[in-house]
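Given next are the chains, with one letter for each unit.
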Amino acid sequence: MECPRAALFDLDDTLAPTLQAPEPVVTQRLLELLAKMPVCIMTGRDFPRIQESFLGELASSPDVKHLYLLVSGASQGYRRNGKEWEQLYTFDLGEDDRRAIRAAIEESVRETAVLEGLPCYGERYVDKGSMISYAMLGVPLPRGITREWDPGNAKRGALWKNLAPRLPQFDVVMGGMTAIDIARKGINKAYGVKWLSERLGIPAGDMLYVGDALYEGGNDAAVIPTGIRTRATSGPQETLSIINEILGSCADKKTG
Ligand SMILES: [Mg+2]
């Protein structure tokens, strides 16, 4: 592997199991990586949730200034500024947007009947301010739920195919293990890559993106047209070896 100038990671099923914190060893490797290059975590989760889940250890490192958090599907950006997390940008949805999104979801659910026979563990409609997340099994998910809840992504894929054309004025992607995420048009992980590329003055092609959903309609696939180098992962275990590979290829590198 050629040493990238910045490393970007999806969170759910890439750095950590769905909606859980990364293992301590993953956080440790991220800290090692931060000593070498800017690191970005790009996720459908919202900021309050990742803050309470695992940011403490990263925040206490002097290298945290090289960490960028692009959350809620990159519709919001954060960075540590001294002792505080500073919001760098946000693209909030309006009330009309919320109404249109809710109505379209209800129609698609009715028409596809994909929820029939599925358990529901909590709230399905989750409003993250700048992104609406529709979690097909509800949240929070009990532990132990795997991708097997929807073999071949059949039910979620069907809902996504029905819903996306109803909301052409929005970005509609599959995120995490059960969700469909909706944000303002053009506000997706590709936007996040371009924003970071401009912010750092590093061409997208010199950066590496690691994610588990680089397949068609997956929330990571949006980054592909930016020209960023991509690496698919099957989960946190493989991601750990990818990080080790990056560290190995960047042995002499240090962040300024
Ligand atoms: Mg993921």
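Scroll up for the structure.
Parameters and conventions
- Residues numbered from 1 in each chain as written.
- Predicted model: local features only at pLDDT ≥ 70, side-chain atom pairs only at ≥ 80, totals over all residues.
- Axes fitted to C-alpha atoms, helices over the stretch in contact; angles between N-to-C directions.
- Helix = DSSP H or I, 4+ residues; strand = E, 2+ residues; numbered from the N terminus.
- Parallel < 35°, antiparallel > 145°, perpendicular 65-115°, else oblique.
- Left-handed = near helix turned anticlockwise from the far one by under 90°.
- Contact = placed C-beta atoms within 7 Å.
- Core = buried A, V, L, I, M, F, W, Y, C linked by C-beta atoms within 7 Å.
- Buried ≥ 20, exposed ≤ 12 C-beta atoms within 10 Å, placed from the backbone.
- Domains from an automatic or database assignment.
- Nonpolar A, V, L, I, M, F, W, Y, C, P; charged D, E, K, R; others polar.
- Expected span 1.5 Å × (residues − 1).
- Arc of directions from axis to C-beta.
- Pairing = 2+ DSSP bridges.

**Q** Before we go on, may I ask you to explain the packing of helix H1 (residues 24-34) against helix H6 (residues 236-249) in this structure?
**A** Each packed pair of helices is defined by two parameters, the angle between the axes and the distance between the axes. Where H1 meets H6, the closest approach of the two axes is 10 Å, and the angle between their N-to-C directions is 25 degrees. In terms of orientation, H1 and H6 fall into the roughly parallel class. Crossing handedness for the pair H1 and H6: left-handed. Across the interface between the two elements, Val25, Val26, Arg29, Glu32 and Leu33 of H1 pack against Pro236, Leu240, Ile243, Asn244, Ile246 and Leu247 of H6.

**Q** What is the right way to read the nonpolar core from this model?
**A** Across soluble globular proteins, nonpolar side chains have a tendency to be buried as a group. Among the nonpolar cores identified, the biggest contains 60 residues, and Ala7, Leu8, Cys40 and Ile180 are the most heavily contacted of them. Top element by residues in this core is strand S7 (residues 131-139). It accounts for six residues. Shared between two domains, this core takes at least three residues from each, and those domains are domain 1 (6-91 + 187-249) and domain 2 (95-184). Ala7 has contacts with Leu33, Met37, Val39, Leu208 and Ile246, leaving out every residue within four places of it along the chain.

**Q** Please clarify how the packing of helix H3 (residues 95-112) against helix H4 (residues 154-163) should be interpreted in this entry.
**A** Close contact between H3 and H4 brings their axes to 9 Å; oriented N to C, the two are set at 125 degrees. Classified by the angle between their axes, H3 and H4 sit oblique to one another. As for how H3 packs across H4, the hand of that crossing is right-handed. Facing H3, whose interface residues are Ala104, Ile105, Ser108, Glu111 and Thr112, H4 presents Ala158, Leu159, Asn162 and Leu163. Classifying every residue of the contact of H3 with H4 by side-chain character gives five nonpolar, three polar and one charged.

**Q** Can you help me understand H3 in this one?
**A** Spacing of three or four residues puts side chains on the same side of an α-helix, whose turn is 3.6 residues. Compared with the 26 Å implied by 1.5 Å per residue over 18 residues, the 26 Å span of H3 between its first and last C-alpha is a close match. Inspection of H3 places Ile101, Ile105 and Ser108 among the buried residues, and these make up the whole buried set. The buried residues of H3 occupy an angular sector of 70 degrees when projected down its axis, which confines them to one face. Pointing more than 90 degrees away from the buried face of H3 are the exposed residues Glu95, Asp96, Arg99, Ala103, Glu106 and Arg110. In this fold, the buried residues of H3 make contact with S7, H4, strand S8 (170-175) and strand S9 (179-184). Following H3 by one or two positions, Ala113 has its phi on the positive side, about 55 degrees.

**Q** Just to check I follow, could you spell out the sheet that holds S9 for this structure?
**A** Strand order in the open sheet formed by four strands is S6-S7-S9-S8, with antiparallel pairing between adjacent strands. Unpaired on one side and paired on the other, strand S6 (123-127) and S8 mark the two borders of the sheet. Across this sheet, the average inter-strand angle for adjacent strands is 15 degrees, counted without regard to direction. Bridge analysis of S6 against S7 gives four bridges, and the strand direction is antiparallel. The partner of Val126 across the bridge, within S7, is Ser133. Packed onto the sheet, H3 meets S6, S7, S8 and S9 and runs at close to 30 degrees relative to S7.

Keep in mind these numbers describe shape, not what the thing actually does.
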